[in-house]
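Understanding the architecture of this molecule
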Amino acid sequence: MNVVGKPDGARVFFALSPGERCRRRLFAVANDFAARLGGRPMPKETLHLTLVFVGEVGLDRLPGLRAAAGEVAQATAGGSVVLNRLHHHPAGKMLWAASEHCSPPLGALAEGLRRSLLARGFTLEARPFVAHVTLLRRLTVRPPAGDLDALKNVPIRWRYRDFVLLRSRSGPGGSVYEPLGAWTLGGN
Ligand code: ATP
Ligand code: MG
């Protein structure tokens, strides 16, 4: 409990966490861009693909989050996502890795989690799901168009079999994420 008698809270989100090989490749792309164009690469251990951003919740609601995750994990198979596009977002000064075509199973996983959370009374923003991995922040230079094709011929295929619940806390070098749970997807 905090001083006003409300349960302490946490900023949380569900995400896919890449395996080591995929993580290394994503980090290498981020470093390559940073070396040439500046910006701050996401630390290797924080690379992730957000499935559902939940935001601030009371710690007393963690069991509800875990119940939603367990239900969805049982009912949903693992799959793969192909990251073959890089996007620069000048306003956000970010570089993302994303897919040219949305993977329907991945969309279904994100949507399943969303529905299960809504059914348990969680409030979520109505933003559409866009599968992406943030690689670089504070990128103030516009990358040459050809650079954004870096994954076109050598896409990163990410096979996922589980997902995680992460707590985000701001640290001096950017946000750090603390794992609060991990679920293996069924049907593998
Ligand atoms: P920072 O905000 O300190 O720069 P961050 O964006 O990594 O770092 P959070 O803001 O806690 O940390 O976000 C955690 C994850 O959730 C990130 O992948 C972020 O892109 C995503 N996210 C944050 N806010 C939203 C939102 N409103 N809707 C969808 N995704 C979000
Ligand atoms: Mg943020």
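Keep in mind it's a predicted model, so treat the numbers as computed, not measured. The residue numbering used here restarts from 1 in each chain and proceeds along that chain's sequence as written. A letter from A marks each chain and a number from 1 marks each ligand, given out in the order of writing. Where totals are concerned, whole chains, interfaces and linings use all residues; where local detail is concerned, this predicted model gives features only for residues with pLDDT of at least 70, and gives and counts side-chain atom pairs only at 80 or more. Calculated side-chain values reflect all of the structure's heavy atoms, with hydrogen atoms and water omitted.

Observations concerning the site of ligand 1
What surrounds ligand 1 is the set Arg11, Phe13, His48, Thr50, Phe53, Glu125, Arg127, Arg137, Ser168, Ser175 and Tyr177. Here the accessible surface of atoms and residues is derived via Shrake-Rupley with a 1.4 Å probe, and residues count as covered only by protein chains that are part of the display. Out of a free accessible area of 600 Å², ligand 1 has 72% covered by protein chains. Using a 2 Å cut-off from the grid points, one finds that ligand 1 occupies the largest pocket. Helix and strand labels come from DSSP, where a helix needs a run of H or I of at least four residues and a strand needs a run of E of at least two; each type is numbered from the N terminus. For the shell around ligand 1, the secondary-structure elements that each account for two or more residues are strand S1 (9–16), strand S3 (49–58) and strand S10 (174–184). Classification convention: Asp, Glu, Lys, Arg as charged; Ala, Val, Leu, Ile, Met, Phe, Trp, Tyr, Cys, Pro as nonpolar; all other residues, Gly among them, as polar. Looking at the shell around ligand 1, its residues break down into three nonpolar, four polar and four charged. Distances are taken per atom, and a residue is near a molecule or strand as soon as one of its heavy atoms is within 4 Å of it. Residues are called lining when one of their atoms sits within 4 Å of a cavity or pocket point, these points coming from a 1 Å grid over the protein atoms alone, where a cavity is a set in which a 1.4 Å probe fits but cannot get out and a pocket is an open set with protein on both sides within 12 Å along at least five of seven lines. Placement in a cavity or pocket follows one criterion, namely that more than half of the molecule's atoms lie within 2 Å of its grid points.

Overview of the pattern of salt bridges
The salt bridge criterion pairs a side-chain nitrogen of Lys or Arg with a carboxyl oxygen of Asp or Glu, the two atoms within 4 Å. Following the criterion strictly, the structure yields nine salt bridges and no others. One salt bridge in this structure joins glutamate 20 and lysine 44, with 2.9 Å as the shortest N-O distance. In this pair, glutamate 20 sits in helix H1 (residues 20–37) while lysine 44 sits in the loop between strand S2 (40–41) and S3, placing the two residues 24 residues apart along the sequence. Arginine 115 serves as the salt-bridge partner of glutamate 111, at 3.5 Å between the closest nitrogen and oxygen. Note that glutamate 111 and arginine 115 are positioned in helix H3 (residues 104–119) at a spacing of four residues, about one turn of the helix. Taking relative accessible area as the criterion, arginine 115 reaches 57% and is therefore assigned exposed. It is possible to trace a salt-bridge network through shared partners that takes in Glu20, Arg24 and Lys44. Exposure is judged per residue with a 1.4 Å probe applied to protein chains only, and the accessible area is read against the type maximum: over 50% gives exposed, under 20% gives buried, and values in between give partly exposed.

What about the packing of aromatic side chains?
Any two of the Phe, Tyr and Trp rings considered here, Trp counted by its six-membered ring, make a pair once their centres fall within 6.5 Å; the pair's planes then place it as stacked at under 30 degrees, edge-to-face at over 60, or tilted in between. Across all of its chains, the model carries four aromatic pairs by this definition. Note on phenylalanine 13 and tyrosine 177: the rings are 5.1 Å apart at their centroids and 80° apart in plane angle, and the pair reads as edge-to-face. With phenylalanine 13 in strand S1 and tyrosine 177 in strand S10, this pair connects stretches of sequence that are 164 residues apart. By relative accessible area, which is 4% here, phenylalanine 13 ends up buried. In textbook terms, an aromatic cluster arises when at least three aromatic residues are bridged by ring pairs, as seen for Phe14, Phe163 and Trp183. For a Lys NZ or an Arg CZ to count as sitting over a ring, it must be within 6 Å of the ring centre and within 35 degrees of the ring normal. Cation over ring: arginine 36 sits above phenylalanine 33, and NZ or CZ is 5.1 Å from the ring centre.

Quick look at helix H2 (residues 62–75)
Because each turn of an α-helix spans 3.6 residues, side chains separated by three or four positions in sequence point in the same direction. In a regular helix each residue adds 1.5 Å, so 14 residues correspond to 20 Å; H2 covers 20 Å between its end C-alpha atoms and thus fits that length. Along H2, the residues classified as buried are Leu62, Leu65, Ala68, Ala69, Val72 and Ala73. What you see down the axis of H2 is that its buried residues fit within an arc of 130°, all on one side. Seen from the buried face of H2, the exposed residues on the opposite side, beyond 90 degrees, are Pro63, Gln74 and Ala75. The contact criterion used throughout is that any non-hydrogen atoms of two residues lie within 4.5 Å. The secondary structure elements touched by the buried residues of H2 are S1, S3, H3, strand S9 (162–171) and S10. Multiplying 1.5 Å by the residue count of a helix minus one yields the expected span of that helix. In this context, the arc is that of the directions from the helix axis out to the C-beta atoms.

Considering the layout of surface pockets
Grid points are joined across faces, edges and corners, and a volume is the space filled by probe spheres set on the points. Taken as a whole, the largest pocket holds about 1,100 Å³ of empty space. Lining the largest pocket we find 35 residues, and of these His48, Thr50, Phe53, Arg127 and His132 sit closest to its centre. Elements with a contribution of two residues or more to the lining of the largest pocket: S1, S3, strand S6 (94–98), H3, strand S7 (132–137) and S10. Tallied by class, the residues present in the lining of the largest pocket amount to 16 nonpolar, 11 polar and eight charged.

Concerning the pairing of strand S8 (residues 156–160)
Here S8 shows one buried face, formed by Ile156, Trp158 and Tyr160, and one open face, formed by Arg157 and Arg159. Note: strand S4 (residues 79–83) against S8, five bridges, orientation antiparallel. By the bridge assignment for S8, glycine 79 is matched with tyrosine 160. Two strands are said to pair when DSSP picks up at least two bridges between them.

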